[in-house]
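Next come the chains, spelled out residue by residue.
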Amino acid sequence: MVGLSLGEQTFIKGGIEQDLRTDGRKRLTYRPIFLETGIIPQASGSARVKLGATDVIASVKVELGKPNPSYPDKGKVSIYVDCSPTAEPSFQGRGGEELSTELSSALERCLLGGKSGAGTTYEHMTIRLRSLHIHLLQFLVSEFAPGAGIDLSSLCIVRGKKVCWDLYIDGLVVSSDGNMLDALGAAIKAALSNTVIPKVQVSANAPSDETPEVDVSDEEFLQFDTSGVPVIVTLTKVGGHYIVDATTEEESQMSSAVSVSINRLGRICGLTKRGGAGLHPTVVLDTISAAKHVSEQLMNKLDSEIAAAEACDEMES
Amino acid sequence: MEFVNPEGLRLDGRRPMEMRQLRAEIGVVSKADGSAVFEMGNTKVIAAVYGPREVQNRSQQSNDEALVRCEYSMANFSTGDRMRKPKGDRRSTEISMVIRQTMEACILTHLMPRSQIDIFVQVLQADGGTRSACINAATLALADAGIPMTDIVTSCSAGFLNGTPLLDLNYVEDSAGGPDVTVGILPKLDKVTLLQMDSKLQMETFETVMQLATEGCKAVASYIREVLLENTKQLESRRGV
């Protein structure tokens, strides 16, 4: 990215102070969201989200697999994000690997509550917010619902048998202009709404330690339940104020950023803090409540866009 | 397996000399200097061009001409079975090199010494003919970036199955094990810049198949010209000309 001059930096910071950003938005306004579903026909579900100039594609593939022995009645989800060099020339070869890994693990944390996906994220919380007092930590911990985000037990086929659904979520960043995490979160939510899981018949005769025979139906499908899937809201601190949906220029001026993933019930499913500047604990609480407020609007907007896109799809097919 | 049924129709209902439906759009990646999406049937490819810009690796800088670099990558979800490694495998490296050499032939590199032009191609959906779709998309992206070229480069593939030459193979026909000839031409200058073939073919049949692929290239060229003309008209109207 071309560097910003001192005048440009002052302009960006000053604008944010006065609640009038460079593109005319207020501090807590998102860019226009453009959503399309079902764009990858060979995937079980897919979506493309454009947030201004940020363009991401998410695809979901459903395959049969063996459950983790420690969690026999839960399915598995793996999230992988690829940063295409079309977004940034520096992503060529292995250049985009660092960002890809950061985004993949941030998404895993936000949507699954950790790598295993089966537990709460208490441990992650203590690591992320070092400056928190104990009573604050307890307050935050109570907000966490166990196994929030994508419900892994819905991916179990039959309890006790050694088959489950494996969900492979792939993200691709085609064009980047800041706020990739929110865009990816929205794309994954839309792709999951678009996902259909085939109905299966498991043979009941096989003994419980062997892999049973599974008959995958080609005709009957179940819609994946996405009511618990959260949206991710990133609040970027520039100067003394927080903004939502930062562009690349605004992100270059940030001191810190907090990404909160909240679902429809208002439960926090994950939290990530980036950036070098330390935050006072009360500021963190303020950001979380601001994020909750913004997430309601974002959630409604996304749900209506997804419904419109699905209706479009149905009309076409 | 029957690739051409007795009525003369292929697996997807096309005639042997019929190309798949083409669709192109310019300017999809706003951050890039030039970009385009090119679809040939179910094969969908995005190309982005960054340049001419300062050379990143000083040791490779050339005082007489611009450096052209290209990277080809496939998305995880582009093929039927999920791919593990999107880039860096041998096929991607080979196709990157092929695209680079083809585009280098048509760019007027001596007009931009000590600079670098990056062409990035990302495959979103792969259904046969990805090489050709990439070259066509790269041509449009270079035109969108305003990089001077001697002529546009267009590419198309053709094969030979069940005794019939077939134009523009899709994935099923391509994996049948028959020959696959990919041709890239400069349509106005009537010169061939890319010629690759898999498997084996008799000499006379090869001439027919290559001729068919060249015809396909010319059809793509007229479509690309239409798209570029439409794009220029839009730019004119936006500027109020």
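Because the structure is predicted, anything quoted here is derived from the model rather than measured.

Visitor: So what exactly am I meant to see when it comes to the overall build of chain A here?
Guide: Within chain A one finds 7 helices and 11 strands. Evaluated residue by residue, chain A yields a buried proportion of 53% over its 317 residues. At a minimum sequence separation of 6, the contacts of chain A that also span at least 24 residues come to 68%.

Visitor: So what exactly am I meant to see when it comes to the sheet that holds strand E5 (residues 115-125) of chain B here?
Guide: By way of backbone hydrogen bonds, the strands of a sheet pair with one another, either parallel or antiparallel. All names here are of chain B. The sheet built from 5 strands is open, its strands ordered E1-E2-E3-E5-E4 with mixed pairing. The outermost strands of the open sheet, each flanked by one partner alone, are strand E1 (22-26) and strand E4 (67-74). Averaged over all pairs of adjacent strands, the angle between their axes in this sheet comes to 15°, without regard to strand direction. In this sheet, E5 lies alongside strand E3 (residues 43-54) in antiparallel orientation, the contact comprising 9 bridges. Bridge pairing links Lys44 to Gln125 in E5. This element, helix H2 (residues 130-145), spans E1, strand E2 (34-40), E3, E4 and E5 of the sheet and lies at about 150° to E2.

Visitor: Would you take a moment to explain the nonpolar core for this structure?
Guide: Grouped burial of nonpolar side chains is what soluble globular proteins tend to show. All names here are of chain A. Counting residues in each nonpolar core, the largest one holds 65 residues, and the members touching the most others are Val77, Leu107 and Ile150. Element by element, the count of residues in this core is highest for helix H5 (residues 180-193), at 10 residues. The residues touching Ile150, leaving out its near neighbours within four places in the chain, are Val77, Leu111, Leu112, Ile169, Leu192, Phe224 and Val229.

Visitor: I keep staring at the sheet that holds strand E4 (residues 76-83) of chain A and nothing clicks. Help me out?
Guide: All names here are of chain A. If you walk across this open sheet you meet the 5 strands as E1-E2-E3-E5-E4, and the pairing is mixed. Edge positions in the sheet fall to strand E1 (33-37) and E4, since each has one partner strand and no second. Each strand axis lies, on average, 15° off the axis of its neighbour in the sheet, ignoring direction. Sheet contacts for H5: E1, strand E2 (45-51), strand E3 (54-65), E4 and strand E5 (164-175); angle to E3, the most-contacted strand, approximately 45°.

Visitor: How should the interface of chain B and chain A be read in this particular structure?
Guide: With 26 residues of chain B in contact, the opposing surface of chain A contributes 28 residues. Summing both partners gives a buried area of about 2,500 Å² for chain B against chain A, and 53% of it is carried by carbon and sulfur. Of all residues in chain B, the largest losses of buried area upon contact with chain A belong to Lys31, Phe77 and Arg82 of chain B, amounting jointly to 29% of the total for that side. Where chain B touches chain A, the interface holds 1 salt bridge. With its nearest N and O atoms 2.5 Å apart, the salt bridge here joins Glu88 of chain A to Lys31 of chain B. At the boundary of chain B and chain A, one finds 9 residue pairs in polar contact (both at pLDDT 80 or more). If you list the elements that add at least two residues to the side of chain B that touches chain A, you get E3, E4 and E5 of chain B.

Visitor: Which parts of the structure should I look at to understand the pattern of salt bridges?
Guide: Note on pairing: side chains with opposite charge can pair once their charged atoms come close. Inspection of the entire model under this criterion finds 26 salt bridges over all chains. Note that Arg23 of chain B is salt-bridged to Glu39 of chain B, the shortest N-O span being 2.8 Å. Taken together, the residues span a long stretch of sequence, with Arg23 of chain B in strand E1 and Glu39 of chain B in strand E2 at a distance of 16 residues. Given a relative accessible area of 39%, Arg23 of chain B falls into the partly exposed group. Looking at Glu39 of chain B, the relative accessible area reads 16%, which means it is buried. Among the charged side chains, a network of salt bridges with common partners joins Asp23, Arg25, Arg31, Asp177 and Asp245 of chain A.

Visitor: Would you explain H5 of chain A in this entry?
Guide: Spacing of three or four residues puts side chains on the same side of an α-helix, whose turn is 3.6 residues. Given a rise of 1.5 Å per residue, 14 residues ought to cover 20 Å, and the 20 Å separating the end C-alpha atoms of H5 of chain A matches this to within 8%. By the criterion of burial, H5 of chain A is predominantly enclosed, with 14 of the 14 residues buried.

Visitor: Explanation requested: the pairing of strand E7 (residues 164-167) of chain B in the structure shown.
Guide: In the case of a regular strand, side chains alternate between the two sheet surfaces. All names here are of chain B. In terms of strand pairing, strand E6 (residues 154-161) meets E7 through 4 bridges, oriented antiparallel. In the sheet register, Gly159 faces E7, and the bridge partner there is Leu166. Between E6 and E7, which pair antiparallel and follow one another directly, the connecting turn spans 2 residues, one of which, Asn162, has a positive phi of 50°.

Visitor: I would appreciate a short explanation of unusual backbone geometry in the present structure.
Guide: Omega for the bond connecting Gly51 of chain B with Pro52 of chain B falls within 30 degrees of zero, at -5°, which places this linkage in the cis form. Along the chain, Pro52 of chain B falls in strand E3. One non-glycine residue, Asn179 of chain A, lies in positive phi territory at about 60°. Looking at where Asn179 of chain A falls in the secondary structure, it is placed in the loop between E5 and H5. Given a relative accessible area of 3%, Asn179 of chain A falls into the buried group. One non-glycine residue, Asn162 of chain B, lies in the positive phi region at around 50°. With respect to the helices and strands, Asn162 of chain B occurs in the loop between E6 and E7.

Visitor: What's the story with the packing of helix H1 (residues 90-106) of chain B against H2 of chain B in this structure? I'm lost.
Guide: Packed helices, taken two at a time, are described by their axes: the angle between them and the distance between them. Residue and element names in this part refer to chain B. Orientation of H1 relative to H2, taken along the N-to-C sense of each, is 45°, at an axis distance of 10 Å. The angle between H1 and H2 places the two elements in the oblique class. The two elements H1 and H2 meet at a crossing, and its hand is right-handed. For the pair formed by H1 and H2, the contact residues are Arg91, Glu94, Ile95, Val98, Ile99, Thr102 and Met103 on the first element and Thr130, Arg131, Cys134, Ile135, Ala138, Thr139 and Leu142 on the second. Looking at the contact of H1 with H2 residue by residue, the classes come out as 8 nonpolar, 3 polar and 3 charged.

Calculation rules
- One numbering rule holds for all chains: residues counted from 1, following each sequence as written.
- As they are written, the chains are lettered A onward and the ligands numbered 1 onward, keeping that order.
- Side-chain atom pairs in this predicted model are given and counted only at pLDDT of 80 or more, local residue features only at pLDDT of at least 70, and totals for whole chains, interfaces and linings cover all residues.
- To get the side-chain values, all heavy atoms of the structure are used, and hydrogens and water are removed first.
- Put simply, DSSP marks the helices as runs of H or I at least four residues long and the strands as runs of E at least two long, and each gets a number from the N terminus on.
- Classification of residues uses two cut-offs on accessible area relative to the type maximum, computed with a 1.4 Å probe and protein chains only: under 20% is buried, over 50% is exposed, and between them is partly exposed.
- Here a residue-residue contact requires only that any non-hydrogen atoms of the pair lie within 4.5 Å.
- Any two strands are treated as partners once DSSP identifies two or more bridges connecting them.
- Axis definition: a line fitted to C-alpha atoms, limited for helices to the stretch in contact. Angles are taken between N-to-C directions and run from 0 to 180 degrees.
- Here, the term nonpolar core denotes a set of buried Ala, Val, Leu, Ile, Met, Phe, Trp, Tyr and Cys residues that are joined through side-chain atoms within 4.5 Å.
- Throughout, the accessible surface (probe 1.4 Å) given up by two parts as they are put together, summed over both, is called the buried area.
- The salt bridge definition used is simple: a Lys or Arg side-chain nitrogen within 4 Å of an Asp or Glu carboxyl oxygen.
- Between N or O atoms, a polar contact is any pair within 3.5 Å; within protein, one atom must be a potential hydrogen donor and the other a potential acceptor, and residues adjacent in sequence are included only when both atoms are from side chains.
- To estimate how far a helix should reach, multiply one less than its number of residues by 1.5 Å.
- Here roughly perpendicular refers to angles of 65 to 115 degrees, roughly parallel to angles under 35, roughly antiparallel to angles over 145, and oblique to all remaining angles.
- Handedness of a helix crossing follows the sense of rotation of the near helix relative to the far helix, less than a right angle counterclockwise being left-handed and clockwise being right-handed.
- All amino acids are sorted into three groups, where Ala, Val, Leu, Ile, Met, Phe, Trp, Tyr, Cys and Pro are nonpolar, Asp, Glu, Lys and Arg are charged, and the leftover types, Gly among them, are polar.

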